[in-house]
Amino acid sequence: MRLLHTMLRVGDMERSIAFYTEVLGMTLLRRKDYPEGKFTLAFVGYGDEAHNSVLELTHNWDVDKYDLGDGYGHIALEVEDVYKACEDIRSRGGKITREPGPMKHGTSILAFIEDPDGYKVELLSPSRRD
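Residues numbered from 1 in each chain as written. Predicted model: local features only at pLDDT ≥ 70, side-chain atom pairs only at ≥ 80, totals over all residues. Heavy atoms only, no water.

**Some remarks on the domain arrangement of the protein chain**
Next up, step 1: Here the domain parsing of the protein chain yields domain 1 (5–60) and domain 2 (75–124).
Next up, step 2: One C-alpha centre belongs to domain 1, the other to domain 2; they are set 20 Å apart.
Next up, step 3: Listed by partner, the interface residues are 14 residues for domain 1 and 12 residues for domain 2.
Next up, step 4: Both sides of the domain 1 and domain 2 interface together cover about 1,100 Å² of buried area, and 66% of this is carbon and sulfur.
Next up, step 5: Here domain 1 is connected to domain 2 by 1 salt bridge.
Next up, step 6: The partner of Asp 117 in a salt bridge is Arg 15, and the shortest N-O contact between them spans 3.1 Å.
Next up, step 7: Counting the contacts that link domain 1 with domain 2 gives 7 residue pairs in polar contact (both at pLDDT 80 or more). (Domains from an automatic or database assignment. Contact = heavy atoms within 4.5 Å. Buried area = accessible area lost by both parts, 1.4 Å probe. Salt bridge = Lys/Arg side-chain N within 4 Å of Asp/Glu carboxyl O. Polar contact = N/O pair within 3.5 Å; in protein donor to acceptor, adjacent residues only side chain to side chain.)

**Some words on the pattern of salt bridges**
Next up, step 1: This structure, assessed with the given rule, holds 7 salt bridges.
Next up, step 2: Here Lys 84 and Asp 88 are joined by a salt bridge, their closest N and O atoms 2.7 Å apart. You can see Lys 84 and its partner Asp 88 sitting in helix α2 (residues 82–91), 4 residues apart, about one turn around the helix.
Next up, step 3: We classify Asp 88 as partly exposed; its relative accessible area is 24%.
Next up, step 4: Among the salt bridges present, the one from Arg 90 reaches Glu 99, with a minimum N-O distance of 2.5 Å.
Next up, step 5: Note on Arg 90: relative accessible area 40%, which makes it partly exposed.
Next up, step 6: Three or more residues are tied together by salt bridges with common partners; here these are Lys 95, Glu 114 and Lys 120. (Helix = DSSP H or I, 4+ residues; strand = E, 2+ residues; numbered from the N terminus. Buried < 20%, exposed > 50% of the residue type's maximum accessible area, 1.4 Å probe, protein only.)

**A closer look at the UniProt feature "domain: VOC" (unreviewed entry) in the protein chain**
Next up, step 1: The feature "domain: VOC" (unreviewed entry), as annotated in UniProt, sits at residues 2–126 in this numbering.
Next up, step 2: Taken as a whole, residues 2–126 contains 17% helix and 40% strand, while its terminal C-alpha atoms sit 22 Å from one another. (UniProt positions renumbered as here; feature names shortened; annotations may be inferred.)

**Notes on the pairing of strand β5 (residues 75–78)**
Next up, step 1: Here β5 shows one buried face, formed by Ile 75 and Leu 77, and one open face, formed by Ala 76 and Glu 78.
Next up, step 2: Sheet topology note: the β5/strand β8 (residues 120–124) ladder contains 4 bridges and is parallel. Along β8, the bridge assignment pairs Glu 78 with Leu 124. (Pairing = 2+ DSSP bridges.)

**So, the sheet that holds strand β3 (residues 39–45)**
Next up, step 1: Taken together, the 4 strands give an open sheet; going across it, the order is β1-β4-β3-β2, and neighbouring strands pair in mixed fashion. In this open sheet, the two edge strands, each paired with only one partner strand, are β1 (5–9) and β2 (27–34). In this sheet, adjacent strand axes meet at a mean angle of 20 degrees when their direction is disregarded.
Next up, step 2: With respect to the sheet, helix α1 (residues 13–23) is in contact with β1, β2, β3 and β4 (54–60), its orientation differing from that of β4 by roughly 165 degrees. (Axes fitted to C-alpha atoms, helices over the stretch in contact; angles between N-to-C directions.)

**A word on the UniProt feature "active site" (unreviewed entry) in the protein chain**
Next up, step 1: Under the feature "active site" (unreviewed entry), the UniProt entry names Glu 122.
Next up, step 2: Along the chain, Glu 122 turns up in strand β8.
Next up, step 3: Looking at Glu 122, the relative accessible area reads 9%, which means it is buried.
Next up, step 4: Contact partners of Glu 122, with chain neighbours within four places excluded, come to His 74, Ile 75, Ala 76, Leu 77, Leu 110, Ala 111 and Phe 112.

See the structure below:
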């Protein structure tokens, strides 16, 4: 078994694809409209689906906003330098919700950003020990 993808419901497909590709540097791997079901799927990631886990963005055509609830946590991305990644993300219009620095009660360097739909994305250093 292997993890294939994580699905996120998004309110505006174009805005979400732009965020994940332009701000976070992922690649749009595939996209398909399903007119009879009134939804669109787009898959984004840092590598092909045969060898990497990816994100499935799902846009239901009649919905422009979702209640995220209190069960969802975050997506975690490993970045070489959390401080530099935040500078780059901020310069591309990304929203930093927790500035880079040591983990509370720990030593790993991390930061949090938010996608256009309010989903949290954690940035982690590869040298984490917590």
